[in-house]
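Here is what each chain is made of, one letter per residue.
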Amino acid sequence: MSVLRADAPGKTNVCLYLGPTRSDGRHELVTVMQSLTVADAITLGPAPAGAAQDEVQCPGVEGENLALSALRAFRAATGWDAPPRRLTIDKRVPVAAGMGGGSGDAAAALRLAQADSGLGDLALLYELAAALGADVPAQVQPGRVLATGAGEVLEPLGPPEPYGVLILPSRHALSTADVYREADRIGVARSAEELEAILKDIQEFAGDLPDALIHNDLEAAARSLLPEIGQALVEAVGAGADRAFVSGSGPTVVGLFSVVEEAQAAAQALAGRDPAPIVATPVGPGAGQVT
Ligand code: ATP
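Since the structure is predicted, the reported quantities are computational estimates derived from the model, not experimental observations.

K.L.:
How do you make sense of empty space enclosed by the protein when you look at a structure like this?
P.N.:
Over the atoms, a rolling probe the size of a water molecule traces out where space has been left empty. Taken as a whole and judged by the stated rule, the model has 1 cavity of 30 Å³ or more. In this structure, the largest cavity occupies an estimated 30 Å³ of space. Along its surface, the largest cavity is lined by Lys11, Met33, Ser35, Ala138, Gln139, Gly143 and Val145. Each residue belonging to the lining of the largest cavity can be placed in one class, and the counts come to 3 nonpolar, 3 polar and 1 charged.

Printed below as a string of structure tokens:
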């Protein structure tokens, strides 16, 4: 039995616009998600002799692991009854940071289970992903994706121009649920009409967004919960970023550079920072392939 390997790319939301709350309690939203070269490295192989069930090793993440839940869900849906497997996750994507790390790991675990078992198809992976979490389906095929509805309606977009992404992680974590609650409290949601108009604008640019559309409605909520995010935004702009914003629900700050080398130079200039900056570039679907 061989060991299979896949990357689980992190993502940032190049834009995220929040609309009204639906009857199921989730917000309508319009977001363009972009997978990045910063990725967790995941393997799926045999569990050690004597193991009674599937297991996960994921240093740095305590408690229930979404990737193990994905593997269990895959077995339940397909009836795959191969001997216990071990998932190992080398975390490189900052945790609880608005970069979709857990969601990306879960999606990668589904790809690995499918490759290992030879069972299921892409449609099943999307179905299982949706049951695991709102941000998981977009990571089944990493790349650049327009997500609407409450994030479950996905439209793959073409590959973006290469650009540099300076990632400034935070020492603190933010829970996505807390950030949405704070967004409700301070009232950042837009009307359905406004959201519709924004979606039309985004579609016109096929996701290659002009500066005016690069925006995150969750930024105000994340900053309200963790004011020191403001300092990271100043650092990113001070290091030369064309645009700087909070990634997803935060607290990670991302700076965009039209020239990749300039993002690398900015990271060098901020090398003494704790946590250290990370430089990434956008990736397409091939980035998550199982080998
Ligand atoms: P998202 O952008 O998907 O809403 P996030 O990037 O803000 O999420 P994650 O890194 O996915 O946050 O972590 C959120 C929580 O999920 C963590 O605090 C952790 O307890 C839990 N978790 C479960 N499995 C994983 C995993 N494989 N990697 C990271 N976190 C995980």
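Picking up after the structure, the text goes on.
K.L.:
What am I meant to see in the sheet that holds strand β7 (residues 164-168) here?
P.N.:
The strands making up a sheet associate through backbone hydrogen bonding, with each pair oriented either parallel or antiparallel. What the 4 strands build is an open sheet, ordered β8-β9-β7-β10; its pairing is antiparallel. If you trace the sheet from one side to the other, it starts and ends with β8 (243-246) and β10 (278-280), each paired once. For this sheet, the mean inter-axis angle between neighbouring strands, taken without regard to orientation, is 25°. With 5 bridges joining them, β7 and strand β9 (residues 253-257) adopt antiparallel strand pairing. Residue pairing in the sheet places glycine 164 in a bridge with phenylalanine 257 of β9. Those strands touched by helix α7 (residues 229-238) are β7, β8 and β9, and its axis lies near 160° from that of β8. Packing against the sheet, helix α8 (residues 260-269) makes contact with β7, β9 and β10, and its axis sits at approximately 25° to β7.

K.L.:
Please explain the site of the ligand as it appears in this structure.
P.N.:
Around the ligand lies a shell of 19 residues, among which Lys91, Ala96, Gly100, Gly102 and Asp105 are the nearest. Within the backbone of methionine 99, one N or O atom sits 3.0 Å away from an oxygen atom of the ligand. Cavity membership is defined here by more than half of the atoms lying within 2 Å of grid points; on that basis the ligand lies in the largest pocket. Tallying contributions element by element places helix α2 (residues 101-117) first for the shell around the ligand, with 4 residues.

K.L.:
Got a minute to help me understand the packing of helix α1 (residues 66-78) against helix α3 (residues 122-132) in this structure?
P.N.:
Helix packing geometry: the angle between the two helix axes and the distance between the axes. In contact at an axis separation of 10 Å, α1 and α3 are set at 130° when each is read in the N-to-C sense. Looking at the two axes, α1 sits oblique to α3. Our pair here, α1 against α3, has a crossing hand that is right-handed. From α1, Leu66, Ser69, Ala70, Ala73, Phe74, Ala77 and Thr78 reach across to α3, where they touch Leu124, Leu125, Leu128 and Leu132. Its residues assigned to classes, the contact of α1 with α3 shows 9 nonpolar, 2 polar and no charged.

K.L.:
I tried to follow the pairing of strand β1 (residues 4-21) on my own but got confused; where do I start?
P.N.:
Strand residues, when the strand is regular, have side chains that alternate between the two faces of the sheet. Of all the 18 residues making up β1, 14 are buried; the element is thus mostly covered by neighbouring parts of the structure. Two elements, β1 and strand β2 (residues 27-46), share 14 bridges in a ladder whose sense is antiparallel. Across the sheet, leucine 4 pairs through a bridge with leucine 44, a residue of β2. The hairpin formed by β1 and β2 contains 5 residues between the paired strands, and glycine 25 there has a positive phi angle of roughly 90°.

K.L.:
I tried to follow the environment of serine 35 on my own but got confused; where do I start?
P.N.:
If you trace the backbone, serine 35 turns up in strand β2. Using a relative accessible area of 2% as the deciding quantity, one classes serine 35 as buried. Residues contacting serine 35, with those up to four places away along its chain left out, are Pro9, Gly10, Lys11, Gln139, Pro142, Gly143, Thr281, Pro282 and Val283.

K.L.:
Hey, could you run me through the nonpolar core in this one?
P.N.:
Generally speaking, a soluble globular protein has its nonpolar side chains buried in company with each other. Membership of the largest hydrophobic core comes to 29 residues, with the highest contact counts inside it found for Ile42, Leu71, Phe74, Leu87, Leu110 and Leu112. Listing elements by their share of this core, those giving two or more residues are β1, β2, α1, β4 (85-90), α2 and α3. Looking at this core element by element, the count peaks at 7 residues for α2. Other than its neighbours up to four places away in sequence, leucine 71 contacts Leu44, Asp54, Trp80, Arg85, Leu87 and Ala113. Of all hydrophobic cores here, the second largest spans 26 residues; its members include Leu218, Val246, Val253 and Phe257.

K.L.:
What am I meant to see in α2 here?
P.N.:
Two residues of an α-helix separated by three or four positions point the same way, owing to the 3.6 residues in each turn. Its 17 residues place the ends of α2 24 Å apart at the C-alpha level, agreeing with the 24 Å of an ideal helix rising 1.5 Å per residue. Within α2, 13 of the 17 residues are buried, which leaves it mostly tucked inside the rest of the structure.

K.L.:
For this particular structure, what's the right way to read α3?
P.N.:
Restricting attention to buried positions, one finds in α3 the residues Leu124, Leu125, Leu128, Ala129 and Leu132. Seen end-on, α3 carries its buried residues on one side only, within an arc spanning 135°. In α3, the exposed residues that point more than 90 degrees away from the buried face are Ala123, Glu127 and Ala131.

Each value, and the rule that gives it
Position numbers for residues count from 1 along each chain, tracking the sequence in the order it is written. Local features in this predicted model are restricted to residues whose pLDDT is 70 or higher, and side-chain atom pairs enter the listing and the counts only when it is 80 or higher, whereas totals over whole chains, interfaces and linings include all residues. The basis for every side-chain value is the complete set of non-hydrogen atoms in the structure, without hydrogens or water. The rule is simple: put a 1 Å grid over the protein atoms alone, call a set of points where a 1.4 Å probe fits but cannot get out a cavity, call an open set with protein on both sides within 12 Å along at least five of seven lines a pocket, and count a residue as lining if it has an atom within 4 Å of a point. Grid points are joined across faces, edges and corners, and a volume is the space filled by probe spheres set on the points. Residues were grouped as follows: Ala, Val, Leu, Ile, Met, Phe, Trp, Tyr, Cys and Pro as nonpolar; Asp, Glu, Lys and Arg as charged; and all remaining residues, including Gly, as polar. We call two strands paired when DSSP finds no fewer than two bridges between them. Each helix is a run of H or I in the DSSP string that is no shorter than four residues. Each strand is a run of E no shorter than two, and both are numbered from the N terminus. Axis definition: a line fitted to C-alpha atoms, limited for helices to the stretch in contact. Angles are taken between N-to-C directions and run from 0 to 180 degrees. In this analysis, two residues are considered to be in contact whenever any of their non-hydrogen atoms come within 4.5 Å of each other. Note on terminology: near, applied to a residue and a molecule or strand, indicates that one of the residue's heavy atoms is within 4 Å of it. Two N or O atoms form a polar contact when they lie within 3.5 Å of each other; inside protein one atom must be a possible hydrogen donor and the other a possible acceptor, and for residues adjacent in sequence the pair counts only when both atoms belong to side chains. Grid points define the cavity or pocket, and a molecule sits in it when more than half of its atoms lie within 2 Å of them. Should an angle fall under 35 degrees it is taken as roughly parallel, and over 145 as roughly antiparallel, whereas 65 to 115 is taken as roughly perpendicular and any remaining angle as oblique. Here a crossing is called left-handed whenever its near helix is offset anticlockwise from the far helix by less than a right angle, and right-handed whenever the offset is clockwise. Note on exposure labels: buried denotes an accessible area under 20% of the residue type's maximum, exposed denotes more than 50%, and partly exposed covers the range between, all computed with a 1.4 Å probe on protein chains only. Here, nonpolar core means buried Ala, Val, Leu, Ile, Met, Phe, Trp, Tyr and Cys residues that are tied together by side-chain atoms lying within 4.5 Å of each other. Given the number of residues in a helix, its expected span is that number minus one, multiplied by 1.5 Å. By arc we mean the arc of the directions from the helix axis to the C-beta atoms, nothing more.

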